[in-house]
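The lines below spell out each chain.
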Protein chains: 2
Amino acid sequence: MLGGMQDWPLRIMRLLDHAEQEHGTREIVSRYAAGDVVRTDWIGIARDARRLANALERLGIERGDRIATLAMNHGRHLACWYGAIGVGGVLHTINPRLFDDQLVYIANHAEDRILFYDAAFASIVERLKPRFETIEHYVCFDDGAFEHMIAAESDAYSWVEGDEREPAMLCYTSGTTGNPKGVLYEHRSTVIHAMAEVQPNVLGVCARSVAMPIVPMFHAAAWGLPFAAPIAGCKLVCTADYAPKAICDLMHEEGVTHTAAVPTVWLGLMHYVDETGSDLGDLKAVTIGGSAAPRAMVEFFEKRGVAVAHAWGMTEMSPIGTVGARPHDWDTLDFDQQIDLICKQGRVPFGVEMRIVDDEGQVLPRDGATSGRLQVRGPWVIKQYFKEEQPAIDADGWFDTGDVAILHPDGVMQITDRSKDVIKSGGEWISSIELENAAVGCPGVAEAAAVGVHHPKWDERPLLLVVRKEGSNVTPQEIIAHLSSQVARWWLPDEIVFVESLPHTATGKLLKTALRDQYKDYKLAAA
Amino acid sequence: MLGGMQDWPLRIMRLLDHAEQEHGTREIVSRYAAGDVVRTDWIGIARDARRLANALERLGIERGDRIATLAMNHGRHLACWYGAIGVGGVLHTINPRLFDDQLVYIANHAEDRILFYDAAFASIVERLKPRFETIEHYVCFDDGAFEHMIAAESDAYSWVEGDEREPAMLCYTSGTTGNPKGVLYEHRSTVIHAMAEVQPNVLGVCARSVAMPIVPMFHAAAWGLPFAAPIAGCKLVCTADYAPKAICDLMHEEGVTHTAAVPTVWLGLMHYVDETGSDLGDLKAVTIGGSAAPRAMVEFFEKRGVAVAHAWGMTEMSPIGTVGARPHDWDTLDFDQQIDLICKQGRVPFGVEMRIVDDEGQVLPRDGATSGRLQVRGPWVIKQYFKEEQPAIDADGWFDTGDVAILHPDGVMQITDRSKDVIKSGGEWISSIELENAAVGCPGVAEAAAVGVHHPKWDERPLLLVVRKEGSNVTPQEIIAHLSSQVARWWLPDEIVFVESLPHTATGKLLKTALRDQYKDYKLAAA
């Protein structure tokens with residue numbers, strides 16, 4: 001027996017229809033790379049999306065075809081997202097920061113038929129065109145080509161309808177090993193994620209908000225904000241320019257209340273504000289994700305009356321996993337307790353199930369002390385990578401995030417390491433990330449990497465690789481002395497090796513795989 | 001081609017699982033009719049729901065069986081909701097304020113197998129038992145029977161899983177004509193409605209909120225709050241006692257921040273606060289629905305710093321249709337403009353499509369002036385009444401709400417009348433509700449009803465039936481003079497007839513059908 005309510009598939013285009021109809025004149029402001037500011041609104045975005053859908057249909061784009069973009073945040077890109085999805089296509093956002101071989105692999109693997117790109121990335125396009133095997137059309141957003149493409153098209157278009165489980169968007173994740181893998185978002189997963197995102201426990205955006213995602217639209221759908229904004233009916237501010245001054249000016253000029261970015265962006269803004277004596281305007285809430293926010297950053301915002309929410313997620317999770325919204329007893333905590341709490345990763349919204357397990361898959365307690373492999377389940381969590389034969393989940397539907405975490409009794413999650421980076425010493429786990437963070441707090445240390453090396457008794461013991469700051473002569477003894485006040489005694493590295501530099505991925509993460517390969521047979525002097 | 005995300009049906013029990021796991025110790029406080037206050041939490045509710053599910057299974061309850069309740073708001077009722085749905089049953093909330101014949105019709109039509117009831121309604125149960133044809137078991141919530149039923153049961157139970165379109169809840173609407181009709185909510189419709197409800201544009205509840213629905217749980221699922229609260233992770237305060245003092249005390253004692261009720265409840269509270277000099281404690285937001293809130297009521301709350309959201313909906317809409325959340329330009333409005341806006345019915349959340357049409361079904365403009373029949377569509381809007389042969393919607397999926405409304409260009413909706421009550425004069429519509437509201441503002445008028453009577457030239461003209469206040473000798477001329485300053489000249493009633501009383505439905509609404517039947521052939525003196 002089925003219930004008596006309506007068949008109303010959760011399709012992405014209904015988000016835009018809602019914004020156009022109910023919040024039509026709410027502004028979409030774009031600051032392009034060249035510095036020009038262009039204003040439109042949800043009515044304008046919807047109109048351009050319909051024109052583009054007509055243009056794409058004219059080019060023979062059919063249901064399920066992949067339409068790629070290589071672009072930063074702006075209104076044309078936004079209209080392109082909705083137009084591409086509206087015509088029944090699968091929008092494929094490509095990260096221009098990847099290596100050439102990865103870009104070529106991704107575009108060919110996705111079988112992209114069209115590529116829309118920013119002028120800023122034209123050199124990439126020119127260089128790789130000969131190697132892109134399936135792209136038939138190239139359209140630049142800023143040189144007039146995009147505007148020309150849609151100019152003569154009709155404003156009328158009926159969005160392609162279909163099952164809510166149909167794909168709508170494709171994002172590749174660049175792991176530290178192997179080829180990038182594609183995550184195929186659905187209409188349903190995207191809409192449910194967006195509905196979860198607007199609630200006060202997550203982003204808390206509404207019709208009064210002015211949201212500026214300083215997350216590129218090629219990073220896990222700009223954390224879903226281009227889909228959440230139409231539900232909220234908020235004003236949306238897009239910038240292709242991430243320079244601190246540009247961000248700060250835009251925040252003031254447009255009255256930004258909510259923003260989201262990775263710590264690197266905020267570091268730049270913090271320095272800019274400190275140097276210029278500027279303030280944060282109307283800013284009320286900032287979401288920090290991508291990697292852990294330093295404590296000083298959290299304090300910087302909180303002291304200025306801006307609520308910080310630490311977020312954790314991944315491309316495979318659309319991307320929201322947890323968000324550090326205020327708990328009910330917030331007002332009873334003192335400032336340091338509040339900062340402690342914000343520095344953890346927060347709680348899951350409804351729609352994400354979360355657990356930790358040991359290496360044998362046994363579920364571990366949520367006791368605030370035990371750490372284990374973090375696994376998730378939910379309607380916006382990956383089931384299977386694009387074109388992969390095997391599911392990405394286990395028989396019970398759990399996806400292993402590759403992170404190691406502690407779950408607290410109040411539901412708060414705390415990341416301690418990546419599971420492949422954790423150092424297993426005598427059956428206990430040592431967090432390589434905590435060791436590294438503690439080490440970079442030592443004067444004279446520019447960067448550090450902790451890796452596990454084989455030990456006859458303990459199985460693995462930590463080796464710390466350190467890049468000294470220019471001109472520094474910091475000694476192993478000084479570093480050990482510093483670490484001793486920060487971590488348990490048995491976590492202290494058995495040896496410290498000074499190196500000239502450490503290897504990184506294209507997106508700036510430490511390339512631990514290379515380090516592990518290089519040092520796995522390192523002979524510890526004390527072993 | 002389907003996307004790559006997980007199969008995770010939107011089932012109601014996942015709401016409770018989430019609250020138990022992530023917000024387990026957040027309190028559920030119940031003030032029972034006898035005055036005793038009982039405290040539990042989401043862990044306690046989930047445990048009792050599992051025990052009840054075991055008990056129901058022992059009684060032979062199977063998937064799809066109807067389990068009825070005749071009860072006010074309290075924790076046992078809440079555990080009963082989730083236990084009944086968790087065992088795969090369909091929870092059927094019965095409104096104890098209906099007439100005996102309606103109660104008997106509803107219980108027999110639903111084929112209820114069990115009835116849980118409050119001691120306060122025991123006399124109804126005793127009186128109607130002989131006429132209930134399918135109920136096998138009766139369980140009282142307050143005499144120890146409910147606690148006894150679950151006491152020895154196991155805490156372990158795996159909720160019945162299934163398709164998200166399966167029914168979960170049954171609510172009957174008592175129209176002014178014919179038998180009550182059943183609306184069969186689904187797992188999916190309920191979960192999506194709850195997700196929409198927590199957003200700041202609607203109720204805006206989160207982990208820090210303390211929510212007290214003063215809407216009985218038998219009224220359209222207490223406006224969905226028992227399903228939204230687990231998403232928010234808020235504290236929930238339930239009361240079976242609607243006396244103003246009880247409400248005011250509970251608000252203070254429990255730190256209530258969010259509440260929702262019909263205007264009648266607030267009228268009582270306003271008088272109590274005025275008389276006792278009490279305040280509203282921590283109250284931040286109040287949702288008013290069920291019928292239009294008088295302007296003085298809106299001002300009462302807003303002047304005390306409590307944000308009023310006027311809500312409109314109906315059982316057929318789960319029930320949220322529109323909510324008057326703050327628009328983006330709120331701070332630019334002066335106080336009177338703000339109150340004007342709140343007195344309208346607000347905007348649809350994402351998930352409700354809305355339009356107005358004329359009698360021929362032609363879509364009318366959203367111009368802030370034209371009024372038409374209000375139609376809706378969406379995942380939590382009815383498709384078909386329980387056991388009815390015909391769909392409740394037209395070929396394009398639109399449900400006619402029976403209301404007449406104006407849609408403003410900014411998306412705000414304004415109810416002007418019920419479509420069957422509107423008076424059609426010379427092709428134009430006169431709102432019977434506006435005439436009645438204007439008339440009761442005239443000194444000496446206790447109650448008024450406007451009905452259309454046949455007119456040879458204008459088709460219909462308004463006749464105003466007036467009940468004088470005790471001791472009043474107000475004249476037709478005085479009433480017309482009063483009305484002239486409030487409504488258009490051509491809206492003025494052709495005649496005013498004084499009556500001793502007016503007929504009402506069981507829930508206190510004017511019984512316009514009876515009046516129309518009685519007066520349809522009334523001979524207007526001037527016609």
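Note that the coordinates shown come from a computational prediction; the quantities given were computed from them, not determined experimentally. (Residues numbered from 1 in each chain as written. Chains lettered and ligands numbered in written order. Predicted model: local features only at pLDDT ≥ 70, side-chain atom pairs only at ≥ 80, totals over all residues. Heavy atoms only, no water.)

**Q** Please set out the overall build of chain A residue by residue, giving values where relevant.
**A** Tallying secondary structure elements over chain A gives 16 helices and 23 strands in all. Relative to the compact-globule value of 24 Å for 527 residues, chain A shows a C-alpha radius of gyration of 24 Å, a close match. Principal-axis analysis of the C-alpha atoms places the extent of chain A at approximately 75 × 60 × 50 Å. The burial tally for chain A puts 61% of its 527 residues in the buried class. When contacts within chain A are restricted to residue pairs at least 6 apart in sequence, long-range pairs at least 24 apart make up 67% of them. Per element, the accessible surface of chain A, about 19,900 Å² overall, is 48% carbon and sulfur. Counting 49 positive and 73 negative side-chain charges, chain A places the averaged centre of each group 1 Å from the other. (Helix = DSSP H or I, 4+ residues; strand = E, 2+ residues; numbered from the N terminus. Rg over C-alpha atoms; globule rule 2.2 N^0.38 Å. Buried < 20%, exposed > 50% of the residue type's maximum accessible area, 1.4 Å probe, protein only. Contact = heavy atoms within 4.5 Å. Areas by Shrake-Rupley, 256 points an atom, 1.4 Å probe, with all protein chains shown as cover. Lys, Arg positive; Asp, Glu negative; His and termini not counted. Charge placed at Lys NZ, Arg CZ, Asp CG, Glu CD.)

**Q** Describe the relation of the copies chain A and chain B, naming the residues involved and giving the relevant values.
**A** For these two chains of identical sequence, chain A goes onto chain B by a turn of 180° and a shift of 0.0 Å along the axis, with RMSD 0.1 Å. Viewed as a symmetry operation, the transformation between the two copies matches a two-fold axis. Within chain A, the C-alpha atom positioned nearest to the axis of rotation is that of A:Gln199, 2.2 Å from it. Both copies share a contact surface, since 100% of the interface residues of chain A are interface residues in chain B too. (Least-squares fit on C-alpha atoms with pLDDT ≥ 70 in both.)

**Q** Give me the lowdown on the interface of chain A and chain B, citing residues and values where you can.
**A** Tallying the contact residues gives 74 residues for chain A and 74 residues for chain B. When the buried surface of chain A facing chain B is broken down by residue, A:Met5, A:Gln6 and A:Phe350 rank first, second and third, together holding 17% of it. Counting the contacts that link chain A with chain B gives 12 salt bridges. Going through the elements one at a time, helix 1 (13-22), strand 8 (181-186), helix 7 (187-197), helix 9 (225-232) and strand 16 (371-377) of chain A are the ones with two or more residues in the side of chain A that touches chain B. Considering every element that reaches the side of chain A that touches chain B, the biggest residue donor is helix 7 of chain A, with six residues. The class makeup of the residues in the side of chain A that touches chain B is 35 nonpolar, 18 polar and 21 charged. (Buried area = accessible area lost by both parts, 1.4 Å probe. Salt bridge = Lys/Arg side-chain N within 4 Å of Asp/Glu carboxyl O. Nonpolar A, V, L, I, M, F, W, Y, C, P; charged D, E, K, R; others polar.)

**Q** Tell me what's going on with the side chain of B:Thr416, and back it up with residues and numbers.
**A** All names here are of chain B. Checked against the element boundaries, Thr-416 lands in strand 18 (residues 413-418). A relative accessible area of 8% places Thr-416 in the buried class. The contacts of Thr-416, once residues within four sequence positions are left out, are Ser-371, Val-404, Ala-405, Ile-406, Ser-431, Ile-433 and Glu-434.

**Q** Requested: an account of the pattern of salt bridges, with residues and values cited.
**A** Going through the model one piece at a time under the given rule, you end up with 86 salt bridges over all chains. Here A:Arg66 makes a salt bridge to A:Glu111, at a shortest N to O gap of 3.6 Å. Of the two residues, A:Arg66 is situated in strand 3 (residues 66-70) and A:Glu111 in the loop between helix 4 (100-110) and strand 5 (114-117); the sequence distance between them amounts to 45 residues. In this structure, A:Lys387 and A:Glu111 form a salt bridge, with 2.5 Å as the shortest nitrogen-oxygen distance. Highlighted residues: A:Lys387 in the loop between strand 16 and strand 17 (399-407) and A:Glu111 in the loop between helix 4 and strand 5, separated in sequence by 276 residues. You can call A:Lys387 partly exposed: its relative accessible area is 44%. Taken together, the shared-partner salt bridges in this structure form one network comprising A:Asp7, B:Arg165, B:Glu186 and B:Lys383.

**Q** Could you give me a rundown of the environment of B:Ile433, with the residues and numbers involved?
**A** Residue and element names in this part refer to chain B. Summarising the element assignment, Ile-433 is placed in helix 14 (residues 432-440). Overall, the relative accessible area of 30% leaves Ile-433 in the partly exposed class. Linking Ile-433 and Gln-414, residues 19 residues apart in sequence, is a C-alpha distance of 13 Å. Each residue touching Ile-433, except ones within four places of it in the same chain, is listed here: Thr-416, Asp-417 and Arg-418.

**Q** Pulling in residues and values, what's your account of the environment of B:Asp100?
**A** All names here are of chain B. When you line up the elements, Asp-100 lands in helix 4 (residues 100-110). Judged by relative accessible area, which is 24%, Asp-100 ranks as partly exposed. Separated by 186 residues in sequence, Asp-100 and Val-286 have C-alpha atoms that sit 33 Å apart. Aside from chain neighbours lying at most four places away, what touches Asp-100 is Arg-127, Leu-128 and Arg-131.

**Q** So, the state of the cysteines: which residues are in play, and what are the values?
**A** Should the sulfur atoms of two cysteines be covalently bonded, the bond is a disulfide. Summed over all chains, the structure comprises zero disulfides over all chains. A:Cys238 forms no disulfide, and the closest cysteine sulfur to it belongs to A:Cys234, at a distance of 10.0 Å. B:Cys80 carries a free sulfur, and the closest cysteine sulfur to it, the one in B:Cys140, is 12 Å from it. The buried category is assigned to B:Cys80, whose relative accessible area is 0%. (Disulfide = S-S within 2.5 Å.)

**Q** Outline the side chain of B:Arg113, listing residues and values.
**A** All names here are of chain B. Positionally, Arg-113 belongs in strand 5 (residues 112-117). Relative accessible area serves as the criterion here: at 19%, Arg-113 is assigned to the buried category. There is a polar contact of 2.7 Å between the side chain of Arg-113 and the side chain of Asp-65. Those residues in contact with Arg-113, other than ones at most four positions away along the chain, are Leu-59, Gly-60, Ile-61, Glu-62, Asp-65, Arg-66, Thr-134, Ile-135, Glu-136 and His-137. (Polar contact = N/O pair within 3.5 Å; in protein donor to acceptor, adjacent residues only side chain to side chain.)

**Q** A description of the pairing of strand 17 (residues 399-407) of chain B should follow, citing residues and the corresponding values.
**A** Residues and elements named next belong to chain B. Of all nine residues in strand 17, eight are buried; the element is thus mostly enclosed. Both strand 16 (residues 371-377) and strand 17 contribute to a ladder of five bridges, which runs antiparallel. Across the sheet, the residue bridging to Ser-371 is Ile-406, located in strand 17. By the bridge criterion, five bridges tie strand 17 to strand 18 in an arrangement that is antiparallel. Each bridged residue has a counterpart across the sheet, and for Leu-407 the counterpart in strand 18 is Met-413. Linkage of strand 17 to strand 18, two consecutive antiparallel strands, is achieved through a turn of five residues, within which Gly-411 is found at a positive phi near 95°. (Pairing = 2+ DSSP bridges.)

**Q** Quick rundown of the nonpolar core? Include the residues and the values.
**A** Ranked by size, the top nonpolar core spans 188 residues in total, and within it A:Leu56, A:Phe116, A:Phe227, B:Leu56, B:Phe116 and B:Phe227 carry the most contacts. Leaving out residues up to four positions away in the same chain, A:Leu56 has contacts with A:Ile61, A:Ile67, A:Gly83, A:Ala84, A:Val87, A:Ile114, A:Phe116 and A:Met149. With 57 residues, the next largest nonpolar core counts B:Phe132, B:Met212, B:Cys248 and B:Met270 among its residues. (Core = buried A, V, L, I, M, F, W, Y, C linked by side-chain atoms within 4.5 Å.)

**Q** Which residues make up the sheet that holds strand 14 (residues 320-323) of chain A, and what values go with them?
**A** Residue and element names in this part refer to chain A. The eight strands lie next to each other as 2-1-10-9-11-12-13-14, forming an open sheet whose pairing is mixed. Only two strands of the sheet have a single partner each, and these edge strands are strand 2 (37-41) and strand 14. For this sheet the average axis-to-axis angle between neighbouring strands, irrespective of direction, equals 20°. Here strand 1 (residues 27-31) runs beside strand 10 (residues 235-239); their pairing, made up of four bridges, is parallel. For Ile-28, the partnering residue across the bridge sits in strand 10 and is Leu-236. Running over the sheet, helix 10 (residues 244-254) touches strand 1, strand 2, strand 9 (210-213) and strand 10 and is turned about 160° from strand 10. (Axes fitted to C-alpha atoms, helices over the stretch in contact; angles between N-to-C directions.)

**Q** A description of the pairing of strand 21 (residues 445-455) of chain B should follow, citing residues and the corresponding values.
**A** Residue and element names in this part refer to chain B. For strand 21, a buried count of eight out of 11 residues is recorded, marking the element as mostly surrounded by other parts of the structure. With 10 bridges connecting them, strand 21 and strand 22 (residues 459-468) associate as antiparallel partners. Residue pairing across strands places Gly-452 opposite Pro-462, the latter belonging to strand 22. Between strand 21 and strand 22, which pair antiparallel in sequence order, lie three residues.

**Q** Account for the confidence of the model for chain A, naming residues and giving values.
**A** When pLDDT is averaged along chain A, the result is 94, and 98% of the positions lie at 70 or above. In the model output, the complex is listed with pTM 0.91 alongside ipTM 0.91. (pLDDT = per-residue confidence, 0-100.)

**Q** Pulling in residues and values, what's your account of helix 3 (residues 75-86) of chain A?
**A** All names here are of chain A. In this model helix 3 runs 16 Å from its N-terminal to its C-terminal C-alpha over 12 residues, within 8% of the 16 Å that 1.5 Å per residue would give. Counting buried residues along helix 3, 12 of its 12 residues qualify, which places the element largely inside the surrounding structure. A positive backbone phi angle near 95° is found at Gly-88, which sits one or two residues after helix 3. (Expected span 1.5 Å × (residues − 1).)

**Q** So, the sheet that holds strand 15 (residues 353-357) of chain A: which residues are in play, and what are the values?
**A** All names here are of chain A. In space, the four strands of this open sheet follow the order 15-16-17-18, with antiparallel pairing throughout. What marks the edges here is a single partner per strand, and that holds for strand 15 and strand 18 (413-418). For this sheet the average axis-to-axis angle between neighbouring strands, irrespective of direction, equals 45°.

**Q** Could you give an account of helix 2 (residues 42-58) of chain B, with specific residues and numbers?
**A** Residue and element names in this part refer to chain B. Over its 17 residues, helix 2 runs 24 Å from end to end, which matches the ideal 24 Å to within 8%, given 1.5 Å per residue. Across the 17 residues of helix 2, 13 count as buried, placing the element largely inside the fold. At the N-terminal boundary of helix 2, the capping side chain belongs to Asp-41, with an oxygen 3.2 Å from the backbone nitrogen of Ile-43.

**Q** So what's going on with unusual backbone geometry? Residues and values would help.
**A** All names here are of chain A. In this chain, Ser-318 is followed by Pro-319 through a cis amide linkage whose omega measures 5°. Phi at Glu-111 takes a positive value of approximately 55°, unusual for a residue other than glycine. Taking the relative accessible area as the measure of exposure, Glu-111 reaches 37% and is therefore partly exposed. If you check the backbone angles, Ala-220 has positive phi at about 45° while not being a glycine. With respect to the helices and strands, Ala-220 occurs in helix 8 (residues 220-223). Taking the relative accessible area as the measure of exposure, Ala-220 reaches 8% and is therefore buried.

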